[in-house]
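Here is what each chain is made of, one letter per residue.
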Amino acid sequence: MALEYSSTPISRPALGIGFLLLGIAGISVNDMLIKHLSGGYPLHQMVFARSALALLVTLFFFVPFEGGFSILKSNRPWLHVLRGVLMVTANMCFFTALAIVPLAEATALFFVAPLMITLLSIPLLGEKVGPWRLAAVGIGFFGVMLMLRPWESELEIEGGRWVLLLPVIGALAYALVQIMTRKLGVTAKASALAVYFQSTFLLVSLVFFLLAGDGRFADGFENSSMKFLLREWVWPAGSDLYLFLALGGFSAIIGYAMSQAYRVADAATVAPFEYVGLPFAVIWGWLIWGELPDVVVFSGILLIIGGGLVVFLRERHKQRQLSRAARR
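The rules behind each value
- Residues numbered from 1 in each chain as written.
- Predicted model: local features only at pLDDT ≥ 70, side-chain atom pairs only at ≥ 80, totals over all residues.
- Heavy atoms only, no water.
- Core = buried A, V, L, I, M, F, W, Y, C linked by side-chain atoms within 4.5 Å.
- Buried < 20%, exposed > 50% of the residue type's maximum accessible area, 1.4 Å probe, protein only.
- Helix = DSSP H or I, 4+ residues; strand = E, 2+ residues; numbered from the N terminus.
- Contact = heavy atoms within 4.5 Å.
- pLDDT = per-residue confidence, 0-100.
- Polar contact = N/O pair within 3.5 Å; in protein donor to acceptor, adjacent residues only side chain to side chain.
- Axes fitted to C-alpha atoms, helices over the stretch in contact; angles between N-to-C directions.
- Parallel < 35°, antiparallel > 145°, perpendicular 65-115°, else oblique.
- Left-handed = near helix turned anticlockwise from the far one by under 90°.
- Nonpolar A, V, L, I, M, F, W, Y, C, P; charged D, E, K, R; others polar.
- Expected span 1.5 Å × (residues − 1).
- Bend = angle between axes of the 7 residues up to and from the residue.
- Phe/Tyr/Trp six-rings, centres within 6.5 Å; stacked < 30°, edge-to-face > 60°.
- Salt bridge = Lys/Arg side-chain N within 4 Å of Asp/Glu carboxyl O.
- Patch = residues over 30% accessible without salt bridge, like charges linked within 9 Å, V, L, I, M, F, W, Y side chains within 5 Å.
- Areas by Shrake-Rupley, 256 points an atom, 1.4 Å probe, with all protein chains shown as cover.

Novice: Pulling in residues and values, what's your account of the nonpolar core?
Specialist: Membership of the largest hydrophobic core comes to 82 residues, with the highest contact counts inside it found for Met46, Tyr174 and Tyr262. Counting residues per element, this core draws most heavily on helix α7 (residues 161–184), at 10 residues. The residues touching Met46, leaving out its near neighbours within four places in the chain, are Ile34, Leu37, Ser38, Tyr41, Phe228, Phe244 and Leu247. By size, the runner-up hydrophobic cluster in this structure holds eight residues, among which are Leu55, Leu59, Val63 and Leu202.

Here it is, written out as structure tokens:
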């Protein structure tokens, strides 16, 4: 059934949650593939490959499905540009950390984003968030602080605490992206939103290629994250080419599904379901790299998840109260 588009915000929570779960499943595979490839290829090459392929899939499949190329017209192009730049920032911060930080730990830190979305939805979307959800946000942020381990003067991780802050910075940028998606989604379709930010990824990666594609800046760094960011472009070897193609395919699904999720449902409703990605990250980290969170990291993960679940439960309680009031 075709989705309806109007000048008022859409509220279809079940559909939004379904799209979000699809997007999160794609993100978990994408993150695993990028970490797997990070030792031999630069980040901006992977971003270029996945964005180029995703853009082609979106333009020739999703766009025709939603009404043709006319849907790409917008009277707010600069907002789409800003959304794309914020998405690039979120991805760059997260993936740069991923070259060093275990997958589950980086993912958990990035997954403070749903709590940030809940908090930012108050001033930016006018959504009402009560004391229970505010307390849950505080619990989640305490989990982040626990994972950053401020009591340790030196962390046993390359780059130390600053590397662990990168996913948190990325989470803030991502939260702003989804808030803007809710705003823009009133008039823009999901495939149009996906085209705009995939195009931004493509342009940014091309700029990186022109400035650093020959690897000239990578030699001055010993840090693995910086090498991952600035390494020279090389043609994918053997089966790695298929992994690059998979990155593009999953990126197309992610871009459409996540845009649709936040377009058709309230941010505070769908955001907590992003925590489904955390078990995926733990499983991938254990199966491929033999990584398992220690007690401190696992405690932080539980606090972040717990905060998100409280937000979700309070939202459900609020919706049931509104539904009862409407029937009276």
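Novice: Break down the confidence of the model for the protein for me, with residues and values.
Specialist: The predicted model of the protein has a mean per-residue pLDDT of 83, with 89% of residues at 70 or higher. Segment residues 1–8: pLDDT under 50, and 15 contacts once partners within four positions in sequence are set aside and those in other chains are kept.

Novice: Can you explain the side chain of Ser121? Please cite residues and give values.
Specialist: Tracing the sequence through the fold places Ser121 in helix α5 (residues 113–125). The class for Ser121 is buried, based on a relative accessible area of 0%. Within the structure, Ser121 has its side chain in polar contact with the backbone oxygen of Thr118 (distance 2.7 Å).

Novice: Residues and numbers for the packing of helix α8 (residues 190–212) against helix α10 (residues 240–264), please.
Specialist: Across the interface, α8 lies against α10 with an axial gap of 8 Å and an inter-helix angle of 125 degrees. Classified by the angle their axes make, α8 and α10 are oblique. Relative to α10, the crossing made by α8 is right-handed. Residue-level inspection shows Ala190, Ser191, Leu193, Ala194, Phe197 and Gln198 of α8 in contact with α10, the latter providing Ser251, Ala252, Gly255, Tyr256, Ser259, Gln260 and Arg263. The class makeup of the residues in the contact of α8 with α10 is six nonpolar, six polar and one charged.

Novice: Describe in detail helix α6 (residues 131–148), supporting the description with residues and values.
Specialist: The terminal C-alpha atoms of α6 lie 26 Å apart, and with 18 residues this matches the ideal 26 Å at 1.5 Å per residue to within 8%. Of all the positions in α6, only Arg133, Ala136, Val137, Gly140, Gly143, Val144, Leu146, Met147 and Leu148 are classed as buried. One or two steps after α6, the chain reaches Arg149, where phi turns positive at roughly 50 degrees.

Novice: Could you give an account of the packing of helix α4 (residues 103–110) against helix α12 (residues 277–289), naming the residues involved and the relevant values?
Specialist: For the pair α4 and α12, interaxial distance at closest approach is 8 Å and the crossing angle is 165 degrees. The orientation of α4 relative to α12 falls into the category roughly antiparallel. Considering how the two elements wind past one another, α4 and α12 form a crossing that is right-handed. Packed against α4, whose contacting residues are Leu103, Ala104, Thr107 and Ala108, the element α12 presents Gly277, Leu278, Ala281, Val282, Trp284, Gly285 and Trp289 at the interface. A breakdown of the residues in the contact of α4 with α12 according to their chemical character gives eight nonpolar, three polar and no charged.

Novice: Please set out helix α2 (residues 43–65) residue by residue, giving values where relevant.
Specialist: A rise of 1.5 Å per residue sets the reference length of α2, with its 23 residues, at 33 Å; its end C-alpha atoms lie 31 Å apart and thus fit the reference within 8%. In the structure, α2 departs most strongly from a straight axis at Thr58, where the bend amounts to approximately 40 degrees.

Novice: Account for the packing of aromatic side chains, naming residues and giving values.
Specialist: All told, the structure shown has eight aromatic pairs when counted by the stated rule. The interplanar angle of 55 degrees and the centroid separation of 5.1 Å between the aromatic rings of Phe94 and Phe110 together place this pair among those described as tilted. In this pair, Phe94 is assigned in helix α3 (residues 77–98) and Phe110 in helix α4, connecting sequence segments 16 residues apart. For Phe94, a relative accessible area of 5% gives the class buried. Taking relative accessible area as the criterion, Phe110 reaches 14% and is therefore assigned buried. When the centroid spacing of 6.0 Å and the interplanar angle of 40 degrees are considered together, the rings of Phe111 and Tyr275 count as tilted. On the criterion of sequence distance, the pair formed by Phe111 in the loop between α4 and α5 and Tyr275 in the loop between α11 (267–270) and α12 is long-range, its members being 164 residues apart. Note on accessibility: Phe111 and Tyr275 belong to one class, buried. What links up through ring pairs into an aromatic cluster is the set Phe94, Phe95, Phe110 and Tyr174.

Novice: Provide a residue-level description of the pattern of salt bridges, including the pertinent values.
Specialist: Counted by the stated rule, this structure contains one salt bridge. Between Asp214 and Arg216 there is a salt bridge, with its nearest N and O atoms 3.0 Å apart. We classify Asp214 as partly exposed; its relative accessible area is 44%.

Novice: Break down the environment of Gly255 for me, citing the residues and quoting the values.
Specialist: In this fold, Gly255 is placed in helix α10. In sequence terms Gly255 and Phe197 are 58 residues apart; their C-alpha atoms lie 8.2 Å from each other. Setting aside residues no more than four positions away along its own chain, Gly255 makes contact with Ala194, Phe197 and Gln198.

Novice: Talk me through a nonpolar patch on the surface; I want residue IDs and the actual numbers.
Specialist: A cluster of nonpolar side chains, Ile283, Trp286, Leu287, Ile288 and Leu292, forms an exposed patch at the surface whose accessible area comes to about 530 Å². Positionally, Ile283 belongs in helix α12. Taking relative accessible area as the criterion, Ile283 reaches 44% and is therefore assigned partly exposed.

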